[in-house]
Amino acid sequence: MMNQQRKKLLTREIVGQAVIDSVVKLNPKVMMRNPVMFVVEIGTIVVLLLTMFPGYFGTEGRLGFNLTVFFTLLFTLLFANFAEALAEGRGKAQADSLKSSKREVAANKLVDSKIVIVLAAELRKGDRVVVEQGEMIPGDGEVIEGLASVDESAITGESAPVIKEAGGDFCSVTGGTKVVSDRIVVRITSDPGESFIDRMISLVEGAKRQKTPNEIALNTLLTSLTIIFLLVVVTLAPIADYVGVHIEIPVLIALLVCLIPTTIGGLLSAIGIAGMDRVTQFNVLAMSGKAVEAAGDINTMILDKTGTITFGNRMASEFAPVGQADVQELAAWAAISSVKDETPEGRSVLELMKLQGLSYDNALTEGGSFIEFKAETRMSGIDLTDGRHVRKGSVDAVRQWVLAQGGEIPESLMQETNRIASAGGTPLAVAVDSRIFGLIYLKDTVKPGMKERFEQLRSMGIRTVMCTGDNPLTAATIAREAGVDDFIAESKPEDKIAVIRREQAEGKLVAMTGDGTNDAPALAQADVGLAMNSGTNAAKEAANMIDLDSDPSKIIEVVAIGKQLLMTRGALTTFSIANDVAKYFAIIPAMFMVAIPAMSALNVMRLGSPMSAILSALIFNAIIIPLLIPLAMKGVAYKPMSSMKLLSRNLLIYGLGGVLAPFAGIKLIDMLVHLWV
Ligand SMILES: Nc1ncnc2c1ncn2[C@@H]1O[C@H](COP(=O)(O)OP(=O)(O)OP(=O)(O)O)[C@@H](O)[C@H]1O
Ligand SMILES: [K+]
Ligand SMILES: [Mg+2]
C-alpha cells in the first residue's frame, strides 16, 4: 500500500494543496526561517505601501511600474513557497495513508500468564502480548516464544509474508503488521508514540526535519551575500544622487532582489526535502537529512561478503573427506553436528545428506547439548551424552580446537581447503574430539553486476572494504571476483568497528550495512549505518537508515542519491549566483545610461528602456524559480566520477549556463515588456 502511494508522483491533490500552502507560507513567521526570501518579503511590503500611498512617502509614483514590481515580487515569493510545498506534499500524502492504516487495535496482554484485553495504545515497554493468526501485532517488539509468518506489507509494501521467530536475528516485529499463520508471544519494546510507524509518519511528514550542517553553512553564505548586496544597494542611492541620478525606492528594491541569491534561496529547502523523498521512494527510511547528505560524502564503504556481495544462501554442495575418513562417515558426523543448527548452512547439511541418500544414527544425538553457532567461535555442534564432542566450523577454528586436544591434522586437509576456497566456496571442517573427518563445501555465488558497481564506486573515489568471517583464501577469491578494493578475512564483529574507527581517524566518512545485534555498535559508529528491516531492533535503533526491502547492497544506491543531492544543491547555487551577475549587467547600465552616457558601453543587451530593463530582470528572476523546480525535485543528471571532475563539469554547465541564460531570457522578456511599458 505504501508502495503504490510512493509510486504516484504528483497527483492533482498534491499540486492543489501546494498552491494553497504557498499562500499560507507567506506568514512572516514562516518566511523568517529563510533570510533571503524574508528580505524579498519586506521589499514586497514596502513596494505595496509605496504603490498604495504614493503621496504619503513623497514619491510621485509611477503606478503601472510600481504595481508590476509588486506583483513580480509577490510571485517570486509564491513560486519559492510553491517549490517547498510541492516537495513536502508527497511526504504528507504518505503520512496520511500511514495514519489511516494505524487503526486502534486491541491487544491480548499477558498478566501473570492470563490474557487481559487492552487497547494497543496502553501497551508499555516490557509488556508481553499474545498474537494469534489473523491478528494485528499491536506494537513493536521481539518474539519471545513461537514462530509465525507475518505480513509486513503495511510498512514494506512487500506482500510475501516473512517468518518471525524467537531468538536470533529474525525476532523483531513491527506494530501494524499482521500475523498470517501460527501464534507468537511478543515482548513490547516501544512506548506509545515512539513506535516504528510513528517514526515513519513523522519522517515522511517532515515534522522533525531539521536543517543539516551543510544547509546551515549554505544558508549562512546566502545570508552574508544578502547583507552585502543590501549595503551595496543602500549606498547606491546617495552615490547616484551625487552624479545627478535620482533612483526611486521600488527600483532599488528591484535591483536588490535581482542581486541577492533568490533562485537558490527559493529552492534550497525543496532540494533537501526532495533528496530525502528520493531515498524514501527507494524504500529506505532515512532518520535525518544529515544521514542522506553524509551518504553523499562517503569515502569508505564496508560491506559484508555473505548476502551482500554474494547471494548468501550458502548451501552445502559436497562432502569432501580427508585422511582415512569416507564420505558416509563424514556426512553422518556433519549431520549430527547440524541436527539442531537452525542456520541456513546447518539445515543445508541435512538436506545434502538426504539428497545423496546417506544417513546417520539419530539416537546418538538424544540428550546431547547443542552448541549454537557464534560468529566469535565460528563453530557449531553438539556434545553427546556418550562424552564425544562433535564440531563443525571454519577450518581454522576447528583446526585450533583439534590441536588443543592433542589431535593430528590430516595432510589432505590443506589441499581440500584450498581447492574449495580458491573456487570461492566456504569450507567447513567437521571433527569429533581430536579427529578431523573432512570438509563440507558451502557454495555461494557473487551477485551479477557487482564488478561494475564497485567500478563505479571507485570512479567516485570510494574505497570498498569487504568484511567476512570466512577464511583468507575464500575471501581473496570473492574479493577478486567482485572487484572490491580491500578485504578483511576471519573478521569478528568487533573488527568492523575497529575498521570504522581507523578510517574515521583519518578523517574519512564511513558507510556500512548490518542486521544483527552485534552489528549495532558498528552501525552507530558509522557515519551512514543502513540496517535491514528484517534485522533486530537493536540494529534498527543504532542505524540512521533502514532498508525496508532488507537488501544490503542498496547502500550503493543510497550513496548515489546522497551524491546527487549534494550535486543538485551545488549546481543550483552556482547557477543562482552566476545568474545574479548577468542581472547586474542588465540593470546597472540601464539605470545610469541617461546621466552617464559612457555607461551605454556596458549596455551589452541593448534593452529597450531603463524601466523595461529593470522589470525584465525582475520578471526573469521570478520565473526562473518555477522553471527550475523540476530539476530541484528530480536532481541533476548524475554520472559516477571523481569530485574534482564533477566540480569542473558543474562549473562549466551551471556556471556558464547561469551567466548566459539570463542574457537570452532578459532580452526576450524586455522585447515583450517594451511593447507595453
Ligand atoms: N552454521 C554454522 N556452523 C558452523 N560454522 C559456521 C556456520 N556458519 C558459518 N560458519 C563458519 O563461520 C564463519 C563465520 O561466519 P559468519 O556468518 O560470522 O561470517 P560470514 O558469513 O562468513 O561473513 P559475512 O560477514 O560476510 O556474513 C564462516 O565463514 C564459516 O566458516
Ligand atoms: K536574485
Ligand atoms: Mg554471516
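Computed from a predicted model, the values in this text were never measured in an experiment.

Q: I'd like to hear about the site of ligand 1, residue by residue, with values.
A: Residues in contact with ligand 1 amount to 21 residues; listed here are only the nearest, Lys305, Thr306, Asp341, Thr343 and Ser380. Separating an oxygen atom of ligand 1 from a backbone N or O atom of threonine 306 is a distance of 2.7 Å. In isolation ligand 1 exposes 610 Å². Once the protein is present, 89% of that is buried. Elements with a minimum of two residues in the shell around ligand 1: helix H12 (305-309), strand E12 (379-383), strand E13 (389-394) and strand E14 (426-432). Residue contributions to the shell around ligand 1 peak at three residues, all from E13. Classifying every residue of the shell around ligand 1 by side-chain character gives five nonpolar, eight polar and eight charged.

Q: I'd like a rundown of the pattern of salt bridges, residues and numbers included.
A: All told, the structure shown has 31 salt bridges when counted by the stated rule. For glutamate 293, the salt bridge identified is with arginine 569, shortest N-O distance 2.2 Å. Taken together, the positions of glutamate 293 in helix H11 (residues 289-296) and arginine 569 in helix H22 (residues 555-592) put the pair 276 residues apart, joining distant regions of the chain. You'll find glutamate 293 and arginine 569 in the same group, each marked buried. The salt bridge involving arginine 419 is made with glutamate 416; its shortest N-O contact spans 3.0 Å. Of the two residues, arginine 419 and glutamate 416 are both situated in helix H16 (residues 412-421); the distance of three residues between them amounts to about one turn of the helix. Members of the salt-bridge network, linked through shared partners, are Asp21, Lys25, Glu84, Glu88 and Lys92.

Q: Tell me about the packing of aromatic side chains, and name the residues and values.
A: A complete count under the given rule lists four aromatic pairs for this structure. Ring centres 5.7 Å apart and planes at 45° place the aromatic pair phenylalanine 75 and phenylalanine 79 in the tilted group. Residue phenylalanine 75 and its partner phenylalanine 79 are located together in helix H5 (residues 63-101), separated by four residues, close to a single helical turn. For phenylalanine 75, a relative accessible area of 40% puts it in the partly exposed group.

Q: Talk me through the UniProt feature "domain: P-type ATPase A" (unreviewed entry) in the protein chain; I want residue IDs and the actual numbers.
A: Sites flagged by UniProt as "domain: P-type ATPase A" (unreviewed entry) map to residues 106-205. Regarding residues 106-205, the helix share stands at 14% and the strand share at 44%, and the terminal C-alpha atoms are separated by 26 Å.

Q: Run through the sheet that holds strand E11 (residues 369-374), naming residues and quoting values.
A: With antiparallel pairing, the six strands of this open sheet are ordered in space as E10-E15-E14-E13-E12-E11. The two strands at the open ends of the sheet, each matched to only one other strand, are strand E10 (315-321) and E11. With strand direction ignored, the average angle separating the axes of adjacent strands in the sheet is 15°. Two elements, E10 and strand E15 (residues 435-443), share six bridges in a ladder whose sense is antiparallel. Counterpart to glutamate 318 in the pairing with E15 is tyrosine 441.

Q: Residues and numbers for the coordination of the potassium ion (ligand 2), please.
A: Protein ligation of the potassium ion (ligand 2) involves Val257 (O), Cys258 (O), Ile260 (O), Thr262 (OG1), Asp580 (OD) and Asn621 (OD1), the donor distances falling in the range 2.3 to 3.0 Å. Between the six donor atoms coordinating the potassium ion (ligand 2), the angles at the centre fall across 63 to 161°, so the site counts as irregular. Between consecutive donor residues of the potassium ion (ligand 2), the sequence gaps follow V-C-x1-I-x1-T-x317-D-x40-N. Note on threonine 262: relative accessible area 0%, which makes it buried.

Q: Explain unusual backbone geometry to me, and be specific about the residues and the numbers.
A: Across the chain, the bulk of peptide bonds are trans and the bulk of non-glycine residues have phi less than zero. At aspartate 182, a residue that is not glycine, the phi angle is positive and equals roughly 70°. Relative to the assigned elements, aspartate 182 resides in strand E7 (residues 178-188). For aspartate 433, which is not glycine, the phi dihedral falls at a positive 50°. By secondary structure assignment, the location of aspartate 433 is in the loop between E14 and E15. You can call aspartate 433 partly exposed: its relative accessible area is 22%.

Q: Describe the environment of glycine 357, naming the residues involved and giving the relevant values.
A: Mapped onto the elements, glycine 357 comes out in the loop between helix H14 (344-355) and E11. Once the C-alpha coordinates of glycine 357 and glutamine 328 are considered, the two residues, 29 residues apart in sequence, prove to be 9.6 Å apart.

Q: Tell me about the nonpolar core, residues and numbers included.
A: Ranked by size, the top nonpolar core spans 121 residues in total, and within it Ile247, Leu267, Met301, Ile309, Phe454, Met545 and Met591 carry the most contacts. A total of 16 residues in this core trace back to one element, the largest contributor, which is H22. Counting contributing residues, this core receives three or more from each of domain 1 (12-93 + 205-280 + 560-674) and domain 3 (297-309 + 447-548). Formed by 23 residues, the second largest nonpolar core is a distinct cluster that contains Ala316, Val390, Val430 and Val432.

Q: An account of the pairing of strand E1 (residues 106-111) is requested, with residue identities and associated values reported.
A: Pairing analysis gives six bridges linking E1 to strand E2 (residues 114-119), with the strands arranged antiparallel. Residue pairing in the sheet places lysine 109 in a bridge with valine 116 of E2. Counting the residues that bridge the hairpin from E1 to E2 gives two residues, and of these aspartate 112 lies at a positive phi of roughly 50°. In this structure, E1 lies alongside strand E3 (residues 128-131), joined through two bridges in antiparallel fashion. The residue bridging asparagine 108 from the neighbouring strand is valine 130, located in E3.

Q: Could you give me a rundown of the UniProt feature "binding site: Mg(2+)" (unreviewed entry) in the protein chain, with the residues and numbers involved?
A: Taken from the UniProt record, the annotation "binding site: Mg(2+)" (unreviewed entry) applies to Asp515 and Asp519. Tracing the backbone through its elements, the reader meets aspartate 515 in the loop between strand E18 (510-514) and helix H20 (520-525). Exposure remark for aspartate 515: the relative accessible area of 27% places this residue in the partly exposed category. Excluding residues within four positions of it along the chain, aspartate 515 makes contact with Asp169, Met532, Gly535, Thr536 and Ala539. Here aspartate 519 is to be found in the loop between E18 and H20. Residue class for aspartate 519 comes out buried when judged on its relative accessible area of 7%. A polar contact of 3.0 Å, which involves the side chain of aspartate 519, links it to the backbone nitrogen of aspartate 515.

Q: I'd love a proper account of the sheet that holds strand E8 (residues 284-286), names of residues and values included.
A: Strand pairs in the sheet, formed through backbone hydrogen bonds, run parallel or antiparallel to each other. Taking strand neighbours across the sheet as the criterion, the seven strands line up as E8-E20-E19-E18-E9-E16-E17 in an open arrangement whose pairing is mixed. Single-partner strands in this sheet number two, and they are E8 and strand E17 (486-488). Direction aside, the axes of adjacent strands within the sheet are offset by 20° on average. Sheet topology note: the strand E9 (residues 300-304)/E18 ladder contains three bridges and is parallel. Pairing of threonine 300 across the sheet is with valine 510, part of E18. Sheet contacts for H22: E8, E9, E18, strand E19 (528-532) and strand E20 (545-547); angle to E9, the most-contacted strand, approximately 160°.

Definitions and limits used
Going along each chain's sequence as written, the residues are numbered from 1 onward. To read the labels, note that chains go from A and ligands from 1, taken in the order they are written. With the structure being a predicted model, the display of local features is reserved for residues of pLDDT at least 70 and the display and counting of side-chain atom pairs for 80 or more, all residues being used for whole-chain, interface and lining totals. In computing side-chain values, all of the structure's heavy atoms are included and hydrogens and water are not. Nearness of a residue to a molecule or strand requires only that one of the residue's heavy atoms be within 4 Å of it. Within 3.5 Å is the distance limit for a polar contact, defined as a pair of N or O atoms, with the added protein rule that one can donate a hydrogen and the other accept it, and that residues adjacent in sequence qualify only through two side-chain atoms. Residue burial considers only the protein chains on display, and all accessible areas are found by Shrake-Rupley using a 1.4 Å probe. In DSSP terms, a helix is any run of H or I states spanning at least four residues, a strand is any run of E spanning at least two, and both are numbered starting from the N terminus. Under the convention adopted here, Pro, Cys and the residues Ala, Val, Leu, Ile, Met, Phe, Trp and Tyr are nonpolar, Asp, Glu, Lys and Arg are charged, and Gly plus all remaining residues are polar. Definition used for salt bridges: Asp or Glu carboxyl oxygen within 4 Å of a side-chain nitrogen of Lys or Arg. Burial classes follow relative accessibility: with a 1.4 Å probe on protein chains only, a residue under 20% of its type's maximum area counts as buried, one over 50% as exposed, and anything between as partly exposed. Stacked, edge-to-face and tilted labels apply to pairs of Phe, Tyr and Trp rings (six-membered ring for Trp) whose centres lie within 6.5 Å, assigned for plane angles under 30 degrees, over 60, and everything in between, in that order. UniProt positions are given in the numbering used here, feature names are shortened, and annotations may be inferred rather than shown by experiment. Here, strands pair whenever DSSP counts at least two bridges between them. Here an axis means a line fitted to C-alpha atoms, over the contact stretch when the element is a helix, while the angle between two N-to-C directions is reported on a 0 to 180 degree scale. In this analysis a donor is any N, O or S atom within 2.8 Å of a metal ion (3.2 Å for sodium, potassium and calcium), and since water is not included, sites may seem incomplete. Geometry is assigned from the angles between donors: four donors with all angles from 85 to 135 degrees make a tetrahedral site, four or six donors whose opposite pairs exceed 155 degrees while the rest stay between 65 and 115 make square planar or octahedral sites respectively, and everything else is labelled irregular. Throughout this description, the term nonpolar core refers to a set of buried Ala, Val, Leu, Ile, Met, Phe, Trp, Tyr and Cys residues connected via side-chain atoms within 4.5 Å. Residue ranges assigned to the domains are those given by an automatic or database domain assignment. The contact criterion used is simple: two residues touch if any of their non-hydrogen atoms lie within 4.5 Å.

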